[in-house]
Amino acid sequence: MSVLPTQPYKGTTDFLPKDLAKRNYIFEKWRKYLIDHSYEEYETSVIEFAEVYKVKSGDELGTKQLYAFEDKGGRTIALRPEETPSLARMVVDNFDQVKQPARWFSIPNCFRYEQPQRGRRREFWQLNVDIIGASEGWADLEVLKMSGEMLLDFGAKKKDFVIYYNHRGVLDSFLREIGVKEDELKAQVYKVLDNWMKTEEKESHKALEELIGEKGKNQIACLIEGMDRETELWDDIIDDEYPEFARIYNQIEETIGGKFRIEFNPCIVRGLAYYTGLVFEAYDADPVNPRALFGGGRYDNLLDLYGKSVSCVGFAPGQVPITDFLETHGLMPTEFTQKPKMILIPTSEAAVQKCYISEVDKYIAEGFAVEVDIALERALNKRQETAHKKDAKAVVVE
Ligand code: HAM
């Protein structure tokens with residue numbers, strides 16, 4: 001019989017105890033912060049009906065990256081690539097029990113058929129923080145504030161990261177005003193904006209000009225460079241169409257900009273199709289980590305898909321990019337506080353029995369993590385040496 005391969009499936013991770021300790025450290029910090037802010041934890045299944053992603057997550061996630069397959073009953077199901085559609089479905093399914101606004105979080109593993117690279121895996125864990133049933137306004141500011149504070153909570157400094165925000169609804173209206181009306185063309189303009197920060201300016205200008213002509217290109221370039229004429233149009237749209245967002249728009253930088261860097265950036269469009277308002281992403285200031293640390297936004301229509309109209313806003317940091325971020329900035333602890341170890345070394349069968357009857361409990365009560373060395377056949381000094389190698393105290397039990 002041939003020997004089976006030992007590597008895990010491409011893009012998934014085997015966590016040795018030392019690696020799991022790092023992941024748990026991150027999860028525990030997240031949990032503590034969120035519980036302190038009155039958020040409640042929930043969980044859904046890793047298996048979800050595939051259709052929702054095809055309709056609402058956008059082409060990238062909904063088709064190209066989706067792990068979808070047919071079950072034995074002929075249903076098309078998927079390994080969740082994100083949590084938000086499952087949250088939407090669960091909220092509608094349990095509608096009367098969800099006291100809105102509900103502040104909820106979850107730390108699911110998600111699956112995307114992506115090219116594994118720094119910051120990106122095929123299986124990854126992602127914290128999801130959402131407010132369910134809160135219309136546009138202060139709730140948007142609350143999640144923005146929390147998203148940045150949670151990085152500060154790991155010890156990050158203001159200079160270490162930046163959050164960029166934008167508004168999808170305003171951007172859509174702006175594009176319409178300057179003549180980008182068809183969905184297909186809008187999607188192509190979105191793509192150029194999405195790549196703006198990673199592309200040479202000349203190339204982005206050229207791509208825009210090819211799509212919407214010189215005038216349109218200039219209008220968008222002016223918006224990105226913050227020139228007056230176009231930002232006036234932008235502000236008019238906010239005031240006329242999104243008065244609730246206008247209320248917080250000028251407060252964002254005032255309220256939270258003192259704590260961390262947060263900047264308006266019209267290039268943030270986000271790949272997911274369901275966003276309707278605020279959209280935001282965070283980036284490491286160190287270019288060694290170029291992928292987003294987290295992303296989020298407002299989705300006021302997603303629950304309509306399941307038959308209820310509920311306004312929601314939230315965000316999701318990924319465990320992989322956050323680990324890279326913490327390690328890059330020297331913020332990942334090297335030691336994880338564990339109980340001191342105690343190894344009991346019984347010298348006979350009766351002594352083993354004594355350990356299991358009383359000694360283990362006795363040392364646990366004294367604050368140790370306790371293990372019984374049952375290798376009675378080995379020489380006593382060898383057993384003591386092994387305990388020493390495991391950084392444990394050793395007690396011989398007669
Ligand atoms: P997303 O931007 O697709 O948004 O993912 C959010 C975060 O998940 C990313 O910024 C990154 O940290 C992490 N992430 C995504 N893909 C991978 C990957 N292949 N490997 C490692 N980490 C990854 C969403 O998923 C939205 N559902 C977030 C949301 C929650 N919006 C509102 N509420």
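Before reading on, note that the structure itself is shown above.
Parameters at a glance
- Residues numbered from 1 in each chain as written.
- Predicted model: local features only at pLDDT ≥ 70, side-chain atom pairs only at ≥ 80, totals over all residues.
- Heavy atoms only, no water.
- Near = heavy atom within 4 Å.
- Polar contact = N/O pair within 3.5 Å; in protein donor to acceptor, adjacent residues only side chain to side chain.
- Areas by Shrake-Rupley, 256 points an atom, 1.4 Å probe, with all protein chains shown as cover.
- Helix = DSSP H or I, 4+ residues; strand = E, 2+ residues; numbered from the N terminus.
- Nonpolar A, V, L, I, M, F, W, Y, C, P; charged D, E, K, R; others polar.
- Pairing = 2+ DSSP bridges.
- Contact = heavy atoms within 4.5 Å.
- Axes fitted to C-alpha atoms, helices over the stretch in contact; angles between N-to-C directions.
- Phe/Tyr/Trp six-rings, centres within 6.5 Å; stacked < 30°, edge-to-face > 60°.
- Buried < 20%, exposed > 50% of the residue type's maximum accessible area, 1.4 Å probe, protein only.
- Expected span 1.5 Å × (residues − 1).
- Bend = angle between axes of the 7 residues up to and from the residue.
- Parallel < 35°, antiparallel > 145°, perpendicular 65-115°, else oblique.
- Left-handed = near helix turned anticlockwise from the far one by under 90°.

What follows is about the site of the ligand. Near the ligand lie 26 residues; those nearest to it are Glu82, Thr84, Glu114, Arg121 and Tyr275. Arg112 is positioned such that a nitrogen or oxygen atom in its side chain is 3.0 Å from an oxygen atom of the ligand. Between an oxygen atom of the ligand and a side-chain N or O atom of Gln126, the distance comes to 2.9 Å. If the ligand stood free it would expose 660 Å²; the protein chains cover 96% of that surface. Secondary-structure elements contributing two or more residues to the shell around the ligand are β8 (128–132), β12 (294–299) and β13 (312–317). The dominant element in the shell around the ligand, judged by the number of residues it contributes, is β12, at four residues. Across the shell around the ligand, the residue classes break down as eleven nonpolar, eight polar and seven charged.

This part is about the sheet that holds strand β10 (residues 261–264). Read from one edge to the other, the open sheet built from eight strands follows the order β1-β5-β8-β13-β12-β11-β9-β10, with strand pairing classed as mixed. The strands lining the two open edges of the sheet, one partner per strand, are β1 (40–41) and β10. Sheet analysis places β1 next to strand β5 (residues 102–106), joined by two bridges and oriented parallel. Among the inter-strand pairings, Glu40 is bridged to a residue of β5, identified as Trp104. Packed onto the sheet, helix α1 (residues 17–36) meets β1, β5, β8 and β13 and runs at close to 175° relative to β5. Here helix α5 (residues 138–152) sits on the sheet in contact with β5, β8, β9 (161–167), β10, β11 (278–284), β12 and β13, set at roughly 15° to β13.

Moving on, we get to the packing of aromatic side chains. Here the structure, examined in full by the defined rule, presents 22 aromatic pairs. Here the aromatic rings of Tyr67 and Phe111 are separated by 6.4 Å at their centres, their planes lie at 80°, and the arrangement is edge-to-face. Of this pair, Tyr67 sits in strand β3 (residues 67–70) while Phe111 sits in strand β6 (residues 109–111), and the two are 44 residues apart along the sequence. Assessed through its relative accessible area of 14%, Phe111 is described here as buried.

Attention now goes to the environment of Val129. Relative to the helices and strands, Val129 resides in strand β8. Between the C-alpha atom of Val129 and that of Met146, which follows or precedes it by 17 residues, the distance is 9.2 Å. Ignoring anything within four residues of it in the chain, the contact list for Val129 reads Leu34, Tyr39, Trp104, Phe105, Met146, Val313, Gly314 and Phe315.

For helix α13 (residues 349–365), with 17 residues, the first-to-last C-alpha span of 24 Å sits near the 24 Å given by 1.5 Å per residue. For α13, the principal kink sits at Cys355 and spans about 55°. Taken together, the buried positions of α13 are Ala351, Val352, Cys355, Glu359, Val360 and Tyr363. Taken together, the buried residues of α13 touch β14 (341–346), β15 (369–372) and β16 (392–397). Phi turns positive one or two residues past the end of α13, at Gly367, with a value near 100°.

To continue, consider the side chain of Glu281. With respect to the element layout, Glu281 can be found in strand β11. Here Glu281 is in contact with Val162, Ile163, Tyr164, Ile268, Arg270, Phe294 and Gly295, once residues within four sequence places are set aside.

A word on the packing of helix α6 (residues 168–177) against helix α7 (residues 183–195). Axis separation between α6 and α7 bottoms out at 12 Å; the angle between their running directions is 120°. Relative to α7, the element α6 is oriented oblique. Read as a crossing pair, α6 and α7 show a hand that is right-handed. Taken together, the residues of α7 that come into contact with α6 (itself represented by Arg168, Leu171, Asp172 and Leu175) are Lys186, Val189, Tyr190 and Leu193. The class makeup of the residues in the contact of α6 with α7 is five nonpolar, no polar and three charged.

Further remarks concern unusual backbone geometry. Here the residue pair Gln100 and Pro101 is connected by a cis peptide bond, since its omega of -5° sits within 30 degrees of zero. With respect to the helices and strands, the residue Pro101 is situated in the loop between α4 (84–93) and β5. Although it is not a glycine, Ser38 adopts a positive phi angle of roughly 70°. Among the secondary structure elements, Ser38 is positioned in the loop between α1 and β1. Even without being glycine, Arg270 reaches a positive phi, approximately 70°. Counting through the fold element by element, Arg270 comes out in the loop between β10 and β11. With relative accessibility at 14%, the residue Arg270 sits in the buried group.

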